[in-house]
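# Architecture at a glance
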Amino acid sequence: MYHLSPTRREVFLLVLVLVALLCFTASFGPPDSDLDDTYIDNSTSNPHPLTLANHWRTRITWTNGFIPNTRVISHVPGWTIFDNLFVLNGTPYVVTDYPASVPDIIYMTSNGLAIYSGPEAAKSRLPSDRDMRVISTTQAQSLFGSSAESIDGITWLVNDPRQFVTHYFHFAAELFFGFWRAYSSLDPVIDDMGNSVLPALRRIFFVHVDADHWRDYSRMNQWILRSAFPSLTTEYSDDWQDRAAMGRPIMFDRVIFSDRSSAMHGVNFRSTGRTVSEPFALPGSAHWWSPVRANVIRMCGLDADVGGDMAQSPVITYVSRQEWGRRMLKQEDHEHLVEELYKLRDQYGYEVNVVSMDKLSRAEQITLAARTTIMMGVHGNGLTSLVWMRPSPRATVMEFFIPGGFAYDYEYTTRALGMVHYGFWDNEYHTHPNTPPRAYPEGFQGKSIPIDGAVVAKLCHERLQSMTD
(Lines give C-alpha, C1' and ligand atoms only; values in the text may rest on other atoms or scores of the structure.)
Protein backbone atom coordinates (compact mmCIF):
# COMPACT_ATOMS: atom_id res chain seq x y z
CA MET A 1 0.00 0.00 0.00
CA TYR A 2 1.31 3.35 -0.95
CA HIS A 3 1.43 6.24 1.61
CA LEU A 4 0.97 9.52 -0.16
CA SER A 5 2.83 12.53 1.28
CA PRO A 6 0.65 15.57 2.10
CA THR A 7 0.71 18.28 -0.48
CA ARG A 8 2.10 21.73 0.28
CA ARG A 9 -1.47 23.11 0.25
CA GLU A 10 -2.64 20.55 2.86
CA VAL A 11 0.27 21.37 5.18
CA PHE A 12 -0.54 25.10 4.90
CA LEU A 13 -4.20 24.49 5.73
CA LEU A 14 -3.29 22.30 8.72
CA VAL A 15 -1.00 24.95 10.15
CA LEU A 16 -3.70 27.60 9.63
CA VAL A 17 -6.24 25.49 11.57
CA LEU A 18 -3.80 24.95 14.46
CA VAL A 19 -3.05 28.68 14.73
CA ALA A 20 -6.76 29.47 14.75
CA LEU A 21 -7.36 26.95 17.55
CA LEU A 22 -4.55 28.42 19.65
CA CYS A 23 -5.90 31.96 19.27
CA PHE A 24 -9.42 30.81 20.13
CA THR A 25 -8.20 29.03 23.28
CA ALA A 26 -6.16 32.04 24.44
CA SER A 27 -9.17 34.34 24.17
CA PHE A 28 -11.07 32.18 26.66
CA GLY A 29 -8.53 31.83 29.46
CA PRO A 30 -9.34 31.16 33.12
CA PRO A 31 -12.11 33.30 34.67
CA ASP A 32 -9.69 35.18 36.95
CA SER A 33 -7.36 36.17 34.10
CA ASP A 34 -7.94 39.86 33.30
CA LEU A 35 -6.04 43.07 32.75
CA ASP A 36 -5.46 43.53 36.49
CA ASP A 37 -3.15 40.51 36.62
CA THR A 38 -0.28 42.55 35.17
CA TYR A 39 0.38 46.28 35.39
CA ILE A 40 3.09 48.83 36.01
CA ASP A 41 3.61 49.68 39.68
CA ASN A 42 3.31 53.46 39.68
CA SER A 43 4.61 53.80 43.23
CA THR A 44 8.19 53.00 42.18
CA SER A 45 10.44 53.55 39.23
CA ASN A 46 10.42 49.79 38.47
CA PRO A 47 9.29 49.40 34.82
CA HIS A 48 8.66 45.66 35.02
CA PRO A 49 5.18 44.09 35.20
CA LEU A 50 4.10 42.92 38.64
CA THR A 51 1.65 40.25 39.78
CA LEU A 52 -1.61 40.48 41.67
CA ALA A 53 0.36 40.48 44.90
CA ASN A 54 1.03 44.19 44.20
CA HIS A 55 -2.35 45.66 43.33
CA TRP A 56 -2.68 49.14 41.96
CA ARG A 57 -3.00 51.17 45.16
CA THR A 58 -5.63 53.90 45.14
CA ARG A 59 -6.53 53.91 48.83
CA ILE A 60 -4.73 53.49 52.14
CA THR A 61 -6.65 51.79 54.93
CA TRP A 62 -5.79 51.20 58.56
CA THR A 63 -7.22 49.89 61.79
CA ASN A 64 -7.47 51.74 65.10
CA GLY A 65 -4.10 53.07 66.22
CA PHE A 66 -2.24 52.08 63.08
CA ILE A 67 -2.67 55.15 60.88
CA PRO A 68 0.53 55.87 58.91
CA ASN A 69 2.64 58.49 60.64
CA THR A 70 4.00 61.47 58.71
CA ARG A 71 7.80 61.55 58.61
CA VAL A 72 9.90 64.64 58.02
CA ILE A 73 12.64 63.22 55.81
CA SER A 74 14.52 66.46 55.29
CA HIS A 75 13.95 70.08 56.23
CA VAL A 76 15.35 73.57 55.94
CA PRO A 77 13.23 76.73 56.07
CA GLY A 78 10.96 76.79 53.03
CA TRP A 79 11.85 73.29 51.82
CA THR A 80 10.50 70.20 53.57
CA ILE A 81 10.36 66.61 52.36
CA PHE A 82 7.55 64.56 53.92
CA ASP A 83 6.55 60.93 53.70
CA ASN A 84 2.87 60.22 54.34
CA LEU A 85 1.66 63.82 54.37
CA PHE A 86 -2.14 64.02 54.67
CA VAL A 87 -4.40 66.68 53.15
CA LEU A 88 -8.09 67.18 53.97
CA ASN A 89 -10.27 70.02 52.65
CA GLY A 90 -7.14 71.70 51.29
CA THR A 91 -5.27 71.68 54.62
CA PRO A 92 -2.06 69.64 55.00
CA TYR A 93 -1.84 67.51 58.15
CA VAL A 94 1.33 66.21 59.76
CA VAL A 95 0.29 63.11 61.70
CA THR A 96 2.62 62.24 64.57
CA ASP A 97 2.59 61.45 68.27
CA TYR A 98 5.93 63.24 68.58
CA PRO A 99 5.13 66.86 67.68
CA ALA A 100 8.44 68.09 69.10
CA SER A 101 10.18 66.35 66.19
CA VAL A 102 8.34 68.53 63.65
CA PRO A 103 9.70 71.99 62.73
CA ASP A 104 7.58 75.02 63.56
CA ILE A 105 5.06 75.47 60.75
CA ILE A 106 6.22 79.04 60.04
CA TYR A 107 9.41 77.42 58.67
CA MET A 108 7.39 75.08 56.45
CA THR A 109 4.41 76.99 55.07
CA SER A 110 2.53 80.27 54.83
CA ASN A 111 -0.93 81.35 53.74
CA GLY A 112 0.35 81.87 50.19
CA LEU A 113 -0.31 85.62 49.98
CA ALA A 114 1.77 87.76 47.62
CA ILE A 115 5.17 88.65 49.05
CA TYR A 116 5.99 92.29 49.78
CA SER A 117 8.69 93.80 51.97
CA GLY A 118 8.20 95.10 55.49
CA PRO A 119 7.30 93.60 58.88
CA GLU A 120 3.55 94.08 58.44
CA ALA A 121 3.58 92.28 55.10
CA ALA A 122 5.63 89.44 56.62
CA LYS A 123 3.19 89.16 59.50
CA SER A 124 0.23 89.00 57.12
CA ARG A 125 1.67 85.87 55.50
CA LEU A 126 2.06 83.83 58.68
CA PRO A 127 0.23 80.50 58.54
CA SER A 128 -2.83 79.50 60.55
CA ASP A 129 -4.42 76.11 61.25
CA ARG A 130 -6.00 76.40 57.82
CA ASP A 131 -2.58 76.27 56.17
CA MET A 132 -1.08 73.32 58.09
CA ARG A 133 -1.78 71.37 61.26
CA VAL A 134 0.26 68.94 63.34
CA ILE A 135 -2.07 66.34 64.90
CA SER A 136 -1.80 63.09 66.85
CA THR A 137 -2.73 59.68 65.51
CA THR A 138 -5.85 59.75 67.70
CA GLN A 139 -6.93 63.07 66.22
CA ALA A 140 -6.17 61.78 62.73
CA GLN A 141 -8.32 58.70 63.33
CA SER A 142 -11.20 60.95 64.33
CA LEU A 143 -10.74 63.30 61.36
CA PHE A 144 -9.94 60.83 58.61
CA GLY A 145 -11.74 57.67 59.65
CA SER A 146 -10.06 54.46 58.54
CA SER A 147 -8.85 55.31 55.05
CA ALA A 148 -7.40 57.96 52.75
CA GLU A 149 -7.02 58.32 49.00
CA SER A 150 -3.47 57.59 47.86
CA ILE A 151 -1.29 59.86 45.71
CA ASP A 152 1.75 57.75 45.04
CA GLY A 153 5.26 58.51 43.88
CA ILE A 154 7.09 61.83 44.16
CA THR A 155 5.04 65.04 44.34
CA TRP A 156 6.21 68.65 44.47
CA LEU A 157 3.75 70.92 46.25
CA VAL A 158 4.41 74.59 45.42
CA ASN A 159 2.83 76.93 47.96
CA ASP A 160 4.17 80.13 46.32
CA PRO A 161 2.05 82.96 44.97
CA ARG A 162 1.97 83.66 41.26
CA GLN A 163 4.25 86.69 41.34
CA PHE A 164 7.54 84.73 41.36
CA VAL A 165 6.40 81.73 39.32
CA THR A 166 5.83 83.56 36.04
CA HIS A 167 9.43 84.76 35.65
CA TYR A 168 12.16 82.66 34.05
CA PHE A 169 14.89 83.50 36.57
CA HIS A 170 12.71 83.24 39.68
CA PHE A 171 11.22 79.98 38.47
CA ALA A 172 14.28 78.24 36.99
CA ALA A 173 17.09 79.58 39.18
CA GLU A 174 15.19 79.93 42.47
CA LEU A 175 12.04 77.80 42.75
CA PHE A 176 13.02 74.86 40.55
CA PHE A 177 16.69 75.21 41.53
CA GLY A 178 15.76 75.02 45.21
CA PHE A 179 13.36 72.12 44.72
CA TRP A 180 16.00 70.02 43.00
CA ARG A 181 18.72 70.96 45.52
CA ALA A 182 16.43 69.85 48.36
CA TYR A 183 15.35 66.62 46.66
CA SER A 184 18.84 65.77 45.37
CA SER A 185 20.12 65.81 48.96
CA LEU A 186 18.64 62.31 49.22
CA ASP A 187 21.22 61.04 46.71
CA PRO A 188 24.72 62.19 47.72
CA VAL A 189 26.45 60.23 44.93
CA ILE A 190 24.96 61.83 41.81
CA ASP A 191 27.72 61.87 39.20
CA ASP A 192 28.74 64.51 36.67
CA MET A 193 26.84 62.76 33.86
CA GLY A 194 23.54 63.08 35.71
CA ASN A 195 23.16 59.49 36.91
CA SER A 196 21.02 59.23 40.04
CA VAL A 197 18.97 56.65 41.93
CA LEU A 198 16.24 59.18 42.71
CA PRO A 199 12.78 58.37 41.33
CA ALA A 200 11.61 60.98 38.84
CA LEU A 201 9.21 63.70 39.90
CA ARG A 202 5.69 62.49 39.10
CA ARG A 203 3.58 65.64 39.52
CA ILE A 204 3.46 69.27 40.67
CA PHE A 205 0.66 71.02 42.51
CA PHE A 206 0.64 74.81 42.08
CA VAL A 207 -1.67 75.50 45.01
CA HIS A 208 -2.09 79.25 44.42
CA VAL A 209 -1.50 79.53 40.66
CA ASP A 210 -4.06 78.81 37.95
CA ALA A 211 -3.37 76.96 34.72
CA ASP A 212 -3.14 80.17 32.68
CA HIS A 213 -0.57 81.95 34.83
CA TRP A 214 2.45 79.77 35.53
CA ARG A 215 4.23 80.22 32.21
CA ASP A 216 6.77 83.00 31.75
CA TYR A 217 6.81 85.42 28.81
CA SER A 218 9.80 83.63 27.27
CA ARG A 219 8.01 80.26 27.52
CA MET A 220 11.03 78.67 29.20
CA ASN A 221 9.25 77.38 32.33
CA GLN A 222 7.29 74.73 30.47
CA TRP A 223 10.30 73.76 28.34
CA ILE A 224 12.38 73.09 31.43
CA LEU A 225 9.75 71.02 33.21
CA ARG A 226 8.73 68.96 30.18
CA SER A 227 12.32 68.19 29.21
CA ALA A 228 13.58 67.49 32.73
CA PHE A 229 10.63 65.22 33.54
CA PRO A 230 8.82 64.04 30.37
CA SER A 231 6.16 62.08 32.31
CA LEU A 232 5.36 65.00 34.60
CA THR A 233 1.77 66.11 35.19
CA THR A 234 0.77 69.46 36.69
CA GLU A 235 -2.24 70.52 38.74
CA TYR A 236 -3.27 74.05 39.61
CA SER A 237 -5.33 76.03 42.09
CA ASP A 238 -8.64 74.91 40.58
CA ASP A 239 -7.54 71.28 40.79
CA TRP A 240 -6.45 71.75 44.39
CA GLN A 241 -9.86 73.22 45.19
CA ASP A 242 -11.58 70.36 43.35
CA ARG A 243 -9.78 67.82 45.51
CA ALA A 244 -10.57 69.81 48.65
CA ALA A 245 -14.27 69.94 47.75
CA MET A 246 -14.41 66.13 47.62
CA GLY A 247 -14.12 66.07 51.39
CA ARG A 248 -11.91 63.00 51.44
CA PRO A 249 -8.46 62.76 53.08
CA ILE A 250 -5.50 62.30 50.74
CA MET A 251 -2.15 60.80 51.65
CA PHE A 252 0.94 61.68 49.62
CA ASP A 253 3.65 59.00 49.49
CA ARG A 254 6.45 61.54 49.34
CA VAL A 255 6.11 65.27 48.83
CA ILE A 256 8.63 68.09 48.52
CA PHE A 257 6.80 71.04 50.07
CA SER A 258 8.20 74.44 49.07
CA ASP A 259 7.20 77.85 50.39
CA ARG A 260 9.09 81.03 49.49
CA SER A 261 7.76 83.03 52.42
CA SER A 262 8.91 80.37 54.91
CA ALA A 263 12.39 80.32 53.36
CA MET A 264 12.66 84.03 54.17
CA HIS A 265 12.75 83.11 57.88
CA GLY A 266 15.97 81.16 57.37
CA VAL A 267 19.48 82.16 58.42
CA ASN A 268 20.93 81.62 54.94
CA PHE A 269 18.30 83.87 53.38
CA ARG A 270 19.02 86.65 55.84
CA SER A 271 22.69 86.58 54.89
CA THR A 272 22.30 86.15 51.11
CA GLY A 273 18.84 87.51 50.23
CA ARG A 274 18.31 84.32 48.18
CA THR A 275 15.49 81.97 49.18
CA VAL A 276 17.22 79.22 47.21
CA SER A 277 20.19 79.42 49.58
CA GLU A 278 18.35 77.50 52.30
CA PRO A 279 18.54 74.01 50.69
CA PHE A 280 22.31 74.39 50.33
CA ALA A 281 22.58 73.74 54.06
CA LEU A 282 21.61 70.13 53.25
CA PRO A 283 24.17 67.48 52.30
CA GLY A 284 24.51 66.69 48.62
CA SER A 285 26.66 65.79 45.67
CA ALA A 286 28.90 68.36 44.00
CA HIS A 287 27.09 67.30 40.81
CA TRP A 288 23.60 67.74 42.27
CA TRP A 289 22.29 69.73 39.27
CA SER A 290 23.65 67.42 36.58
CA PRO A 291 20.53 65.17 36.20
CA VAL A 292 18.38 68.21 35.37
CA ARG A 293 20.98 69.76 33.05
CA ALA A 294 21.53 66.43 31.28
CA ASN A 295 17.83 65.91 30.57
CA VAL A 296 17.22 69.49 29.44
CA ILE A 297 20.14 69.68 27.03
CA ARG A 298 19.44 66.18 25.67
CA MET A 299 16.06 67.51 24.60
CA CYS A 300 18.09 69.89 22.40
CA GLY A 301 20.08 67.03 20.90
CA LEU A 302 23.23 67.46 23.01
CA ASP A 303 25.14 64.94 25.10
CA ALA A 304 25.45 65.50 28.84
CA ASP A 305 29.20 65.98 28.60
CA VAL A 306 29.08 68.93 26.19
CA GLY A 307 30.77 72.12 27.39
CA GLY A 308 33.40 72.66 30.03
CA ASP A 309 35.72 69.90 28.85
CA MET A 310 39.32 71.10 28.86
CA ALA A 311 39.81 69.42 25.48
CA GLN A 312 37.03 71.46 23.89
CA SER A 313 37.66 74.85 22.34
CA PRO A 314 36.50 77.67 24.68
CA VAL A 315 33.22 79.41 23.87
CA ILE A 316 32.61 83.02 24.96
CA THR A 317 29.00 84.23 24.87
CA TYR A 318 28.09 87.88 25.35
CA VAL A 319 24.37 88.24 26.11
CA SER A 320 23.48 91.71 24.82
CA ARG A 321 20.60 93.85 26.13
CA GLN A 322 21.16 96.76 23.74
CA GLU A 323 17.63 96.57 22.34
CA TRP A 324 15.82 96.15 25.67
CA GLY A 325 15.40 99.81 26.61
CA ARG A 326 16.80 99.41 30.12
CA ARG A 327 19.88 98.01 31.80
CA MET A 328 21.98 98.60 28.72
CA LEU A 329 25.65 99.41 28.14
CA LYS A 330 26.72 102.72 26.70
CA GLN A 331 26.55 102.08 22.97
CA GLU A 332 30.20 102.96 22.42
CA ASP A 333 31.22 100.61 25.27
CA HIS A 334 29.09 97.83 23.81
CA GLU A 335 30.79 98.23 20.45
CA HIS A 336 34.25 98.34 22.04
CA LEU A 337 33.51 95.18 24.04
CA VAL A 338 32.45 93.33 20.89
CA GLU A 339 35.59 94.53 19.12
CA GLU A 340 37.83 93.27 21.97
CA LEU A 341 36.06 89.88 22.06
CA TYR A 342 36.52 89.47 18.32
CA LYS A 343 40.22 90.17 18.79
CA LEU A 344 40.34 87.18 21.16
CA ARG A 345 38.62 85.11 18.51
CA ASP A 346 41.05 86.13 15.79
CA GLN A 347 44.18 85.83 17.93
CA TYR A 348 43.48 82.71 20.00
CA GLY A 349 40.76 80.88 18.10
CA TYR A 350 38.11 81.19 20.81
CA GLU A 351 34.53 80.92 19.60
CA VAL A 352 32.77 84.23 20.29
CA ASN A 353 28.98 84.72 20.19
CA VAL A 354 27.22 88.07 20.57
CA VAL A 355 23.51 87.33 20.99
CA SER A 356 20.19 88.70 22.15
CA MET A 357 18.59 85.71 23.87
CA ASP A 358 15.06 86.79 22.94
CA LYS A 359 16.01 86.49 19.27
CA LEU A 360 16.90 82.81 19.67
CA SER A 361 14.55 79.85 19.96
CA ARG A 362 14.39 78.10 23.31
CA ALA A 363 16.43 75.19 22.00
CA GLU A 364 19.02 77.59 20.56
CA GLN A 365 19.33 79.42 23.89
CA ILE A 366 19.88 76.21 25.84
CA THR A 367 22.23 74.74 23.23
CA LEU A 368 24.41 77.85 23.19
CA ALA A 369 24.52 78.09 26.99
CA ALA A 370 25.38 74.40 27.34
CA ARG A 371 28.40 74.91 25.05
CA THR A 372 29.50 78.17 26.69
CA THR A 373 32.67 78.44 28.78
CA ILE A 374 32.39 82.15 29.68
CA MET A 375 29.04 83.95 29.71
CA MET A 376 28.77 87.70 30.19
CA GLY A 377 26.24 90.49 30.08
CA VAL A 378 24.46 93.25 31.96
CA HIS A 379 22.39 92.07 34.94
CA GLY A 380 19.20 90.64 33.45
CA ASN A 381 17.01 87.64 32.65
CA GLY A 382 19.19 86.50 29.74
CA LEU A 383 21.89 85.41 32.18
CA THR A 384 19.50 82.80 33.60
CA SER A 385 20.80 80.48 30.88
CA LEU A 386 24.01 80.12 32.90
CA VAL A 387 22.26 77.20 34.64
CA TRP A 388 22.81 75.14 31.47
CA MET A 389 26.58 75.73 31.43
CA ARG A 390 28.70 72.79 32.50
CA PRO A 391 30.70 73.49 35.66
CA SER A 392 34.45 73.23 35.13
CA PRO A 393 37.62 75.03 36.29
CA ARG A 394 37.21 77.45 33.36
CA ALA A 395 33.46 78.05 33.60
CA THR A 396 32.90 81.74 34.35
CA VAL A 397 30.09 84.31 34.46
CA MET A 398 30.86 88.03 34.09
CA GLU A 399 28.06 90.41 35.05
CA PHE A 400 28.06 94.16 34.33
CA PHE A 401 26.58 96.70 36.79
CA ILE A 402 26.38 100.45 37.09
CA PRO A 403 29.34 101.36 39.36
CA GLY A 404 28.20 101.09 42.97
CA GLY A 405 25.39 98.68 42.15
CA PHE A 406 25.33 94.96 42.85
CA ALA A 407 22.81 92.11 43.00
CA TYR A 408 23.36 88.54 44.09
CA ASP A 409 20.82 86.81 41.83
CA TYR A 410 23.31 85.46 39.29
CA GLU A 411 26.34 85.63 41.57
CA TYR A 412 24.79 83.14 43.98
CA THR A 413 23.44 80.94 41.19
CA THR A 414 26.88 80.78 39.55
CA ARG A 415 28.66 79.78 42.73
CA ALA A 416 25.93 77.28 43.65
CA LEU A 417 26.85 75.43 40.48
CA GLY A 418 30.57 75.47 41.28
CA MET A 419 31.52 78.17 38.78
CA VAL A 420 33.25 81.54 39.18
CA HIS A 421 31.42 84.90 39.01
CA TYR A 422 32.86 88.38 38.44
CA GLY A 423 30.83 91.52 38.96
CA PHE A 424 32.11 94.45 36.88
CA TRP A 425 32.04 98.18 37.59
CA ASP A 426 33.48 99.51 34.33
CA ASN A 427 37.20 98.61 34.59
CA GLU A 428 36.97 97.19 38.12
CA TYR A 429 35.67 93.74 39.08
CA HIS A 430 34.78 91.81 42.23
CA THR A 431 34.55 88.11 42.98
CA HIS A 432 33.67 85.99 46.01
CA PRO A 433 34.42 86.42 48.85
CA ASN A 434 35.25 90.07 48.20
CA THR A 435 31.92 91.15 46.77
CA PRO A 436 30.20 94.46 47.58
CA PRO A 437 26.86 94.67 49.40
CA ARG A 438 23.63 94.54 47.45
CA ALA A 439 22.77 98.00 46.11
CA TYR A 440 20.52 99.51 43.44
CA PRO A 441 21.76 103.09 42.94
CA GLU A 442 20.48 105.55 40.40
CA GLY A 443 21.35 104.30 36.94
CA PHE A 444 21.06 100.61 37.88
CA GLN A 445 18.18 100.23 35.42
CA GLY A 446 19.58 102.79 33.00
CA LYS A 447 20.85 102.82 29.43
CA SER A 448 24.38 104.11 30.09
CA ILE A 449 26.19 101.41 32.06
CA PRO A 450 29.94 101.69 31.40
CA ILE A 451 32.24 98.74 30.72
CA ASP A 452 35.89 98.58 29.75
CA GLY A 453 35.96 95.98 26.99
CA ALA A 454 39.73 95.61 27.11
CA VAL A 455 39.66 94.69 30.81
CA VAL A 456 36.88 92.17 30.20
CA ALA A 457 38.74 90.56 27.31
CA LYS A 458 41.98 90.42 29.31
CA LEU A 459 40.24 88.62 32.17
CA CYS A 460 38.62 86.19 29.70
CA HIS A 461 42.00 85.23 28.31
CA GLU A 462 43.53 84.94 31.79
CA ARG A 463 40.72 82.62 32.89
CA LEU A 464 41.09 80.44 29.82
CA GLN A 465 44.87 80.50 29.65
CA SER A 466 45.54 79.85 33.33
CA MET A 467 43.66 76.57 33.09
CA THR A 468 45.78 75.29 30.23
CA ASP A 469 49.26 76.21 31.50
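Residue numbers here run from 1 along each chain, matching the order of that chain's written sequence. A pLDDT threshold of at least 70 governs which residues receive local features in this predicted model, and a stricter bar of 80 or more applies before side-chain atom pairs are shown or counted, although totals over entire chains, interfaces and linings include all residues. Note that the side-chain values use all heavy atoms of the structure and ignore hydrogens as well as water.

Every helix listed is a DSSP run of H or I at least four residues long, and every strand listed is a run of E at least two residues long, numbered separately from the N terminus. Mapping Thr272 onto the fold places it in helix 8 (residues 267–272). Each C-alpha atom of the pair Thr272 and Pro437 lies 9.8 Å from the other, and the pair is 165 residues apart in sequence. Between two residues, a contact is recorded if the distance between any of their heavy atoms is within 4.5 Å. Beyond its immediate chain neighbours, meaning those up to four positions away, Thr272 contacts Ser277, Tyr408 and Tyr412. Two N or O atoms count as a polar contact when they lie within 3.5 Å, although within protein this holds only if one can serve as hydrogen donor and the other as acceptor, and sequence-adjacent residues are included solely when both atoms are side-chain atoms. Here the side chain of Thr272 touches Arg274 through a polar contact of 3.1 Å, landing on its backbone nitrogen. Only 3.0 Å separates the side chain of Thr272 from the side chain of Ser277, close enough to count as a polar contact.

Another aspect to go through is the pattern of salt bridges. A pairing counts as a salt bridge when a side-chain nitrogen of Lys or Arg comes within 4 Å of a carboxyl oxygen of Asp or Glu. Following the criterion strictly, the structure yields 18 salt bridges and no others. Note that Glu340 and Lys343 form a salt bridge whose closest N and O atoms lie 3.4 Å from each other. Of the two residues, Glu340 and Lys343 both sit in helix 10 (residues 331–348), 3 residues apart, roughly one turn of that helix. Classification of Glu340 as buried rests on a relative accessible area of 13%. Several salt bridges share partner residues, and in doing so they unite Glu174, Arg260, Arg274 and Asp409 into one network. The buried label applies to any residue whose accessible area, calculated with a 1.4 Å probe on protein chains only, is under 20% of its type's maximum; exposed applies above 50%, and partly exposed to all values in between.

Locating Arg125 in the fold gives a position in the loop between helix 2 (119–124) and strand 7 (133–135). In this tally, Lys and Arg are treated as positive and Asp and Glu as negative; His is ignored, and so are the chain termini. Here Arg125 sits buried without a salt bridge, and the closest side chain of opposite charge, Asp259, lies 7.0 Å off (N-O distance). In contact with Arg125, not counting residues within four places along its chain, are Ser110, Asn111, Leu113, Ala114, Ile115, Tyr116, Ser261 and Met264.

Residues Phe176, Phe179, Trp289 and Trp388 are the most contacted members of the largest nonpolar core, which totals 64 residues. The dominant element in this core, judged by the number of residues it contributes, is helix 4 (residues 168–184), at 12 residues. Not counting chain neighbours up to four residues away, the residues in contact with Phe179 comprise Trp79, Trp156, Leu201, Phe229 and Ile256. Grouped together as the second largest cluster of nonpolar side chains are 30 residues, Leu337, Leu344, Phe444 and Leu464 included. We define a nonpolar core as any set of buried Ala, Val, Leu, Ile, Met, Phe, Trp, Tyr and Cys residues linked to one another through side-chain atoms lying within 4.5 Å.

Right, let's talk about the environment of Ser271 for a bit. With respect to the helices and strands, Ser271 occurs in helix 8. At 3.0 Å, the side chain of Ser271 and the backbone oxygen of Asn268 are in polar contact.

At least two bridges found by DSSP between two strands is the condition for calling them paired. In space, the 6 strands of this open sheet follow the order 13-12-14-15-16-17, with mixed pairing throughout. Across the chains shown, the open sheet's two edge strands, defined by having one partner strand only, are strand 13 (351–355) and strand 17 (428–430). For this sheet, the mean angle separating the axes of adjacent strands, direction not counted, is 20°. The sheet contact formed by strand 12 (residues 315–319) and strand 14 (residues 374–378) spans 4 bridges and is parallel. Directly across from Thr317, in strand 14, lies its bridge partner Met375. Lying on the sheet, helix 11 (residues 362–371) is in contact with strand 12, strand 13 and strand 14; it crosses strand 13 at an angle near 145°. Structural elements are reduced to axes, namely lines fitted to C-alpha atoms, with helices fitted over the stretch in contact, and the angle between N-to-C directions of any two is expressed from 0 to 180 degrees. Each of strand 15 (396–400) and strand 16 (420–425) touches helix 12 (residues 409–416); the most contacted strand, strand 16, lies at about 155° to it.

Helix-helix packing is described using two parameters, namely the angle between the two axes and the distance between the axes. Here helix 4 crosses helix 12 at 45°, and the two axes come no closer than 12 Å. The orientation of helix 4 with respect to helix 12, classified from their angle, is oblique. For the element pair helix 4 and helix 12, the recorded crossing hand is left-handed. In this structure, helix 4 contributes Phe169, Ala173 and Phe177 to the contact, and helix 12 contributes Asp409, Tyr410, Thr413 and Ala416. For this scheme, ten residues count as nonpolar: Ala, Val, Leu, Ile, Met, Phe, Trp, Tyr, Cys and Pro. Four count as charged, namely Asp, Glu, Lys and Arg, and the remainder, Gly too, count as polar. Among the residues making up the contact of helix 4 with helix 12, the classes are represented as 5 nonpolar, 1 polar and 1 charged. Any angle from 65 to 115 degrees is called roughly perpendicular, while one under 35 is roughly parallel, one over 145 is roughly antiparallel, and all others are oblique. In this scheme the handedness of a crossing depends on how the near helix is turned from the far one: anticlockwise by less than a right angle means left-handed, clockwise means right-handed.

Right, let's get into the packing of aromatic side chains. The geometry of an aromatic ring pair is captured by two quantities: the separation of the ring centres and the angle between the planes. Pairing of aromatic rings covers Phe, Tyr and Trp, the last counted by its six-membered ring, and requires centre-to-centre distances within 6.5 Å; plane angles under 30 degrees mean stacked, over 60 mean edge-to-face, and any other angle means tilted. This model, assessed by the stated rule, comprises 36 aromatic pairs. Between Phe177 and Trp288 the ring centres are 4.9 Å apart and the planes differ by 70°, which places this aromatic pair in the edge-to-face class. One end of the pair, Phe177, is in helix 4; the other, Trp288, is in the loop between helix 8 and helix 9 (290–298), and 111 residues separate them in sequence. Residue Phe177 is classed as buried on the basis of its relative accessible area, which comes to 0%. Judged by relative accessible area, Trp288 falls into the buried class, the value being 3%. Pairing Tyr422 with Tyr429 gives two aromatic rings, centres 5.5 Å apart and planes at 90°, and the pair type is edge-to-face. Owing to a relative accessible area of 35%, Tyr429 belongs among the partly exposed residues under this scheme.

Here we take up unusual backbone geometry. That bond from His432 to Pro433 is cis: its omega, 10°, falls within 30 degrees of zero. By the secondary structure assignment, Pro433 is in the loop between strand 17 and helix 13 (453–466). The phi dihedral of Asn89 is positive, around 55°, even though this residue is not glycine. Along the chain, Asn89 turns up in the loop between strand 5 (79–88) and strand 6 (91–95). Residue classification places Asn89 among the partly exposed residues on the basis of a relative accessible area of 41%. Even without glycine at this site, Arg219 takes up a positive phi of about 60°. Relative to the helices and strands, Arg219 resides in the loop between strand 9 (201–206) and helix 5 (220–228). Relative accessible area serves as the criterion here: at 45%, Arg219 is assigned to the partly exposed category.

A word on the pairing of strand 16. Burial analysis of strand 16 places 5 of its 6 residues in the buried class, which makes it a mostly covered element. A right-handed crossover is one whose linking path, passing over the helix from the first strand to the second, runs clockwise when the strands point away from the viewer. On the question of chirality, the crossover connecting strand 15 to the parallel strand 16 by way of helix 12 is right-handed. In this structure, strand 16 lies alongside strand 17, joined through 3 bridges in antiparallel fashion. Bridging from a neighbouring strand, Gly423 pairs with His430 of strand 17. Between the end of strand 16 and the start of strand 17, which pair antiparallel, lie 2 residues, with Asp426 showing a positive phi angle near 60°.

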